[in-house]
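# Structural features, examined
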Amino acid sequence: MANILILGGGFSGVAAAESLAKQLTSDHQITLVSRSSRFVAHPSLVDFAFGKHGIDDISHDLRETMHDRRIRFVQGEIARVDPYERLVTFAHGEVRGQMPYDYLIFALGGRLATERITGFYEHAHHTLTVEAALKFGEAIRGFKEGRAVIGYSPETRLAVPAYETAFALSRFLEDRGERGRAQITIVSPERMGAESTASERALRNALNEQNIEFLREVSINRATAKSVLTSLGDRIDYDLLMLLPPLRGASAVRGMGITDQDGFIRVDETMRVRGVEGMYAVGDCASFPGPKLGHMAVSQGEVAASNLAAEVEAREPKAQYEHEMMLALDQEAQDSILNKQFWVDGKVGLRKAGFPGLATVFQNVNVDSLTGTVAGGRDQSARAAGHSMISLAG
Ligand SMILES: Cc1cc2nc3c(=O)[nH]c(=O)nc-3n(C[C@H](O)[C@H](O)[C@H](O)COP(=O)(O)OP(=O)(O)OC[C@H]3O[C@@H](n4cnc5c(N)ncnc54)[C@H](O)[C@@H]3O)c2cc1C
């Protein structure tokens, strides 16, 4: 019997757990560990902050869905993973001390490196966790006039929430008849090409239409109670501040010699961690160039599961991950970049699947519990989150 641990109850960990349970017999023990017993669809967090979804619309209970698939769920905070001793150390939770494993899938996502922007913790809002999105929602409702500054760093790894927030804020203020009293500024490190693409033009047009100021090739290094300091040395005063900090690898494997310079775990195309036995890494925690996206997380989880199942059964691990740009997007959100079609241009063909909701998207990749299909019927609320998937075919 193999004792398999999967760490992290996000897109990649849940995809891996489910896929593994389908491939292995019940002789093997599969355990999913995560700090919260809820799966949260992160791409819906901007809408959640603006009050368009409730928490039950964008999340569901993992303990229940995992149980239905004979996967043991353990709630706990992972402090450390020793890939050489094959030991996981808990900081706290339902398990105390350490848990040994035969095989591990590491899916703990990224770490928000808020310390890289001085004053971030004290002064900036963000939408990258449920708690932060709730707090930002309160600040939005209290924002009646003045300047909202929305910025991201060159190492954010996904700027989508910054743009979605700017558009959603503009719409929100307009609905309240307060748009005229507010200035919205996006501070972006993005370099625009000398020849702008259709997507860049679409973005700029949409920003102009909404009267959103766009400062580019600049990032925010420091925040104080009333202003931010930029990489160009300018000071920008604000009344509402939302920043996306740099993303780094999860700290549980820091110093183990398996990560790149930013802490992301080095893997090969089978999703096995380079240089150690019996360990896979998937999702935002894995070292790949470019943005970190939901679909990549799901397909990496599936590849790892397939290869791990082969390893357990002494077969050759054959599945390979192909790094391609796909997005899980909130199709019903008016401000999502899908609806604004920013990604359609001459170079990048947009194949949009007509998925009506989150359920359909993830059925497409065979991950049932991400679909909201739970014991006793379909979870309508997860379905209501309404996601879509597009593929950016080069
Ligand atoms: C606001 C926002 C908008 C986004 N928009 C899009 C979009 O439009 N399109 C798109 O494709 N992608 C989008 N993404 C990115 C996408 O959500 C991520 O790529 C995806 O969630 C990564 O999945 P993951 O499983 O690797 O990591 P995560 O989803 O981060 O999951 C990690 C899991 O591990 C748990 N965990 C972490 N540390 C510990 C610990 N020490 N102990 C125990 N448990 C721990 C967490 O609680 C979580 O359950 C967005 C993300 C955010 C935050």
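As a starting point, this report considers the structure included with it. (Residues numbered from 1 in each chain as written. Predicted model: local features only at pLDDT ≥ 70, side-chain atom pairs only at ≥ 80, totals over all residues.)

## Details of the site of the ligand
For clarity, the cut-off: To decide whether a residue is near a molecule or strand, its C-beta atom is placed from the backbone and checked for lying within 6 Å of it. We count a stretch as a helix when DSSP gives it H or I for four or more residues in a row; a strand needs E for two or more, and each element gets its number in order from the N terminus. Three classes are used, and their members are as follows: Ala, Val, Leu, Ile, Met, Phe, Trp, Tyr, Cys and Pro are nonpolar, Asp, Glu, Lys and Arg are charged, and the others, Gly among them, are polar.
The full set close to the ligand counts 35 residues, and Gly8, Gly10, His42, Gly109 and Gly283 are the nearest of them. For the shell around the ligand, the elements supplying multiple residues, two or more each, are helix H1 (11–23), helix H2 (45–49), strand S5 (72–82), helix H7 (160–175), helix H9 (294–312) and strand S19 (326–330). Taken together, the residues of the shell around the ligand break down into 18 nonpolar, 13 polar and 4 charged.

## A word on the sheet that holds strand S10 (residues 146–152)
This is how it is decided: Criterion used throughout: strands pair if DSSP finds at least two bridges between them. Only the stretch in contact is used when fitting a helix axis, every axis being a line fitted to C-alpha atoms; angles between N-to-C directions are given from 0 to 180 degrees.
Reading across the sheet, the 4 strands line up as S12-S11-S10-S16 and stay open at both edges, with parallel pairing between neighbours. Where the open sheet ends on each side, the last strands, each with one partner, are strand S12 (212–216) and strand S16 (240–244). Taken over all neighbouring pairs, the strand axes of this sheet differ in orientation by 15° on average, direction set aside. Inspection of the sheet shows S10 paired to S16 by 5 bridges, in the parallel sense. If you follow Tyr152 over to S16, its bridge partner there is Leu244.

## Considering the pairing of strand S8 (residues 103–106)
Basically, it comes down to this: Exposed residues have 12 or fewer other C-beta atoms within 10 Å of their own C-beta, buried residues have 20 or more, and residues in between are partly exposed; the C-beta atoms are placed from the backbone.
The two faces of S8 match: Tyr103 and Ile105 on one face and Leu104 and Phe106 on the other face are all buried. Pairing between strand S1 (residues 3–7) and S8: 4 bridges, direction parallel. Residue pairing for S8: Leu7 is matched across the bridge by Phe106. In the sheet, S8 pairs with strand S18 (residues 279–281) via 3 bridges, with the strands oriented parallel. Directly across from Leu104, in S18, lies its bridge partner Met279.

## With respect to unusual backbone geometry
A positive phi is found at Arg70, a non-glycine position, where the angle reads about 50°. Mapped onto the fold, Arg70 is located in the loop between helix H4 (62–67) and S5. Since 12 C-beta atoms lie within 10 Å of it, Arg70 is described here as exposed. In the Ramachandran plot, Glu217 falls in the positive-phi region, its phi being about 60° despite a non-glycine side chain. Its place among the elements puts Glu217 in the loop between S12 and strand S13 (220–223). Given 12 C-beta atoms within a 10 Å radius, Glu217 is considered exposed.

## Overview of H9
Stated formally: In this analysis, the expected span of each helix is defined as 1.5 Å times one less than the number of residues it contains.
Taking 1.5 Å per residue, 19 residues should reach 27 Å; H9 reaches 27 Å between its end C-alpha atoms and fits that length. Most of H9 is tucked away: 17 of the 19 residues are buried. With its phi angle positive at about 55°, Ala314 sits one or two positions after the end of H9.

## As for the environment of Val40
Cut-off, in case you're wondering: In this description, a residue-residue contact is defined by the distance between C-beta atoms placed from the backbone, which must lie within 7 Å.
In this structure, Val40 sits in strand S3 (residues 38–40). With 20 C-beta atoms counted inside 10 Å, the residue Val40 sits in the buried group. It is 8.5 Å that separates the C-alpha atoms of Val40 and Phe11, two residues lying 29 residues apart in sequence. Those residues in contact with Val40, other than ones at most four positions away along the chain, are Ile58, Ser59 and Val130.

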